[in-house]
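# Examining the three-dimensional arrangement
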Amino acid sequence: MLASKRILLIIGGGIAAFKSLDLIRRLREQGAEVTPVLTRAGSEFVTPLSISALAGRKVFQDLFDLTDEAEMGHIELSRSADLIVVAPATADLMAKMAGGQADDLASTLLLATDTPVLIAPAMNVRMWEHAATQRNLATLRSDGIGVVGPNEGDMACGEHGPGRMAEVPEVIAAVQAALADGPLKGRRVLVTSGPTHEPIDPVRYIANRSSGAQGTALARALGALGAEVVFVTGPASVPPPEGVEVVRVETAQEMLAAVEAALPVDAAVFAAAVADWHVLGASLSKLKKTKGGLPKLEFAENPDILARVSQMKAGRPGLVVGFAAETDDVIENATAKRARKGCDWIVANDVGHGTGIMGGTENAVTLISADAAEPWPRMPKARVAQQLAERIARALLDAH
Ligand code: C5P
């Protein structure tokens with residue numbers, strides 16, 4: 001997949017640097033040539049010797065290493081690559097990149113190039129969530145820099161949350177997407193997927209039968225066409241695709257916040273089955289069975305994420321696509337829904353009893369736009385995803 005692609009791999013100083021050793025191996029297995037650059041902090045975590053042994057070539061470490069300058073200037077070092085990967089990208093490296101600083105070899109290489117850059121951030125959860133890092137992240141994104149991860153989970157420092165470096169297969173998939181010459185290259189696309197869980201109390205929740213299969217297939221198909229995909233998913237029963245940025249949420253409120261944080265995007269596809277209501281005043285302690293009395297649940301409406309994004313005054317994605325799972329009068333209801341919500345397209349499907357669509361592997365959809373309702377034959381969800389991704393690519397190309 002990556003035959004003779006030249007990758008400049010900058011290894012920053014974090015415990016996740018150990019993953020970069022495996023990353024080098026896997027990139028080379030795919031045929032890539034990896035030129036490693038180790039920051040001073042990085043060399044506290046992994047040794048130049050193990051890196052050069054795995055890369056099969058010299059590790060560059062110092063800006064003022066005259067031998068290196070004679071062999072290959074730092075300018076040429078970064079320009080001769082097809083892609084620069086920063087893994088792990090520390091908070092400090094991200095800050096330097098966002099601020100345009102160039103005080104060591106890694107930051108100078110990053111400033112002295114117009115080669116595409118992909119970063120795999122890794123840091124403590126508080127550092128990741130800090131306003132400064134989030135500001136830098138937004139700057140880097142708007143500078144066109146690709147981002148993979150971080151993932152949520154247990155961290156080496158004993159805390160839990162987002163900040164773990166993406167796993168090696170995810171980084172590899174992001175590298176492939178960054179180097180893919182698809183029609184969505186350079187486009188950022190948001191996909192929501194899966195159900196939401198709306199808590200009743202700490203152990204009970206209201207949910208729906210969405211598996212996340214269609215949204216996942218769609219995110220994968222968009223990635224395969226070269227898009228940078230942000231995948232906001234509720235608690236789905238299928239695993240998220242590799243090589244996309246995954247943001248996990250539970251409730252509709254959290255999904256809205258994650259969607260807003262992911263903007264701006266070129267296109268947004270809302271495949272999630274968002275709960276329409278949440279339980280008003282969900283209990284903080286487990287509801288008890290009491291003799292003679294049944295709990296009374298009161299509901300409040302959830303925000304309509306699709307409608308909000310469709311009706312944004314400023315910064316609306318160029319293309320907004322909604323899904324409509326209906327059981328009766330599918331086309332009529334979905335056509336009315338498209339107009340009401342203000343999205344560009346609605347993908348309507350019949351999830352009625354006996355169709356086997358919700359949670360199944362096949363889908364039969366009708367693509368509804370302002371001027372047409374186009375029924376597609378029943379086919380695997382992966383095929384629906386591929387065709388929809390191709391239509392999205394065409395629409396974005398036509399718009400420019
Ligand atoms: O109104 P209904 O739930 O049928 O609309 C379905 C479409 O709206 C889907 O694209 C779904 O992802 C989106 N939606 C949303 N937020 C909600 C409800 C639905 O984004 N609260």
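Counting restarts for each chain: residues are numbered from 1 in the order of the written sequence. Per-residue local features of the predicted model are confined to residues with pLDDT of at least 70, and side-chain atom pairs are confined, for both listing and counting, to 80 or more; whole-chain, interface and lining totals are unaffected and use all residues. The basis for every side-chain value is the complete set of heavy atoms in the structure, and neither hydrogens nor water enter the calculation.

### A look at the overall build of the chain
Keep this limit in mind: Each helix is a run of H or I in the DSSP string that is no shorter than four residues. Each strand is a run of E no shorter than two, and both are numbered from the N terminus. Radius of gyration: C-alpha atoms only; globule rule: 2.2 Å multiplied by the number of residues to the exponent 0.38. Buried, partly exposed and exposed residues are distinguished by accessible area as a fraction of the type maximum, computed with a 1.4 Å probe on protein chains only: under 20%, between the cut-offs, and over 50%, respectively. Whether two residues are in contact is decided by their heavy atoms: any pair within 4.5 Å suffices. Only the protein chains shown count as cover for residues, and the accessible areas themselves come from Shrake-Rupley with a 1.4 Å probe. Under the convention used here, Asp and Glu are negative, Lys and Arg are positive, and both His and the chain ends fall outside the count. Positions of charges follow a simple convention, taking NZ of Lys, CZ of Arg, CG of Asp or CD of Glu.
Of the regular secondary structure elements, the chain holds 14 helices and 21 strands. Relative to the globule expectation of 21 Å for 400 residues, the C-alpha radius of gyration of the chain, 23 Å, shows essentially globular dimensions. Its C-alpha atoms give the chain principal-axis dimensions of about 80 × 55 × 40 Å. The proportion of buried residues among the 400 residues of the chain is 51%. Pairs at least 24 residues apart make up 67% of the contacts formed inside the chain by residues separated by at least 6 positions. Here the chain has roughly 19,000 Å² of accessible surface; of this, 53% comes from carbon and sulfur atoms. Charge separation in the chain, taken as the distance between the mean sites of 39 positive and 47 negative side-chain charges, equals 5 Å.

### Quick look at the site of the ligand
Stated precisely, the cut-off is as follows: For this purpose, a residue is taken to be near a molecule or strand whenever a single non-hydrogen atom of the residue falls within 4 Å of it. Side-chain atoms alone can form a polar contact between residues adjacent in sequence; in general such a contact is a pair of N or O atoms within 3.5 Å, and within protein one must be able to donate a hydrogen while the other accepts it.
Neighbouring the ligand are Phe-270, Ala-272, Val-274, Asp-276, Pro-303, Asp-304, Ile-305, Leu-306, Gly-322, Phe-323, Lys-337 and Lys-341. Here a nitrogen atom of the ligand sits 3.0 Å away from a polar atom, N or O, in the main chain of Ile-305. Take Lys-341: an N or O atom from its side chain is 2.8 Å from an oxygen atom of the ligand. Relative to its unbound accessible surface of 450 Å², the ligand loses 87% to contact with the protein.

### Structural notes on the sheet that holds strand 1 (residues 6-11)
Our working definition: Strand pairing is defined by DSSP finding a minimum of two bridges between the two strands. An axis is simply a line fitted to the C-alpha atoms; with a helix, the fit covers only the stretch in contact. Between two such axes, the angle follows the N-to-C directions and lies from 0 to 180 degrees.
Here five strands make up an open sheet; going across it, the order is 2-1-3-4-5 and the pairing parallel. Of all strands in the sheet, those bounded by a partner on one side alone are strand 2 (33-38) and strand 5 (146-147). Examined bridge by bridge, strand 1 and strand 3 (residues 83-89) share four bridges and lie parallel to one another. The residue of strand 3 that forms the bridge with Ile-10 is Val-86. Strands strand 1 and strand 2 of the sheet are contacted by helix 2 (residues 48-55), whose axis makes an angle of about 170° with strand 2.

### Remarks on the domain arrangement of the chain
Size of an interface, as often reported, equals the accessible area lost when the parts are brought together. Rules: Segment limits for the domains were obtained from an automatic or database-derived domain assignment. Accessible area that two parts lose when put together, evaluated with a 1.4 Å probe and summed over both, is termed the buried area. The rule for a salt bridge is simple: a side-chain nitrogen of Lys or Arg has to be within 4 Å of a carboxyl oxygen of Asp or Glu. Under the grouping applied here, Gly and all other residues not named as nonpolar or charged are polar, the nonpolar ones being Ala, Val, Leu, Ile, Met, Phe, Trp, Tyr, Cys and Pro and the charged ones Asp, Glu, Lys and Arg.
Looking at the chain, the domain boundaries give domain 1 (6-179) and domain 2 (188-399). The C-alpha-based centres of domain 1 and domain 2 are spaced at 33 Å. Approximately 790 Å² of surface area, both sides summed, lies buried where domain 1 meets domain 2, with 44% of it carried by carbon and sulfur atoms. For domain 1, the biggest contributors to the area lost against domain 2 are Arg-141, Glu-170 and Ala-177; these three give 48% of the whole. Linking domain 1 to domain 2 there are two salt bridges. Of the charged contacts, one joins Glu-245 and Arg-141 as a salt bridge, the two residues approaching to 2.4 Å between their closest N and O atoms. Scanning the region where domain 1 abuts domain 2 turns up one residue pair in polar contact (both at pLDDT 80 or more). The element that contributes the greatest number of residues to the side of domain 1 that touches domain 2 is helix 9 (residues 168-179), accounting for five residues. Broken down by class, the residue content of the side of domain 1 that touches domain 2 amounts to five nonpolar, one polar and two charged.

### Concerning the side chain of His-197
As for its position among the elements, His-197 is in the loop between strand 8 (188-193) and strand 9 (198-199). A relative accessible area of 12% means that His-197 is categorised as buried. Each residue touching His-197, except ones within four places of it in the same chain, is listed here: Tyr-205, Ile-206, Ala-207, Pro-235, Glu-250 and Thr-251.

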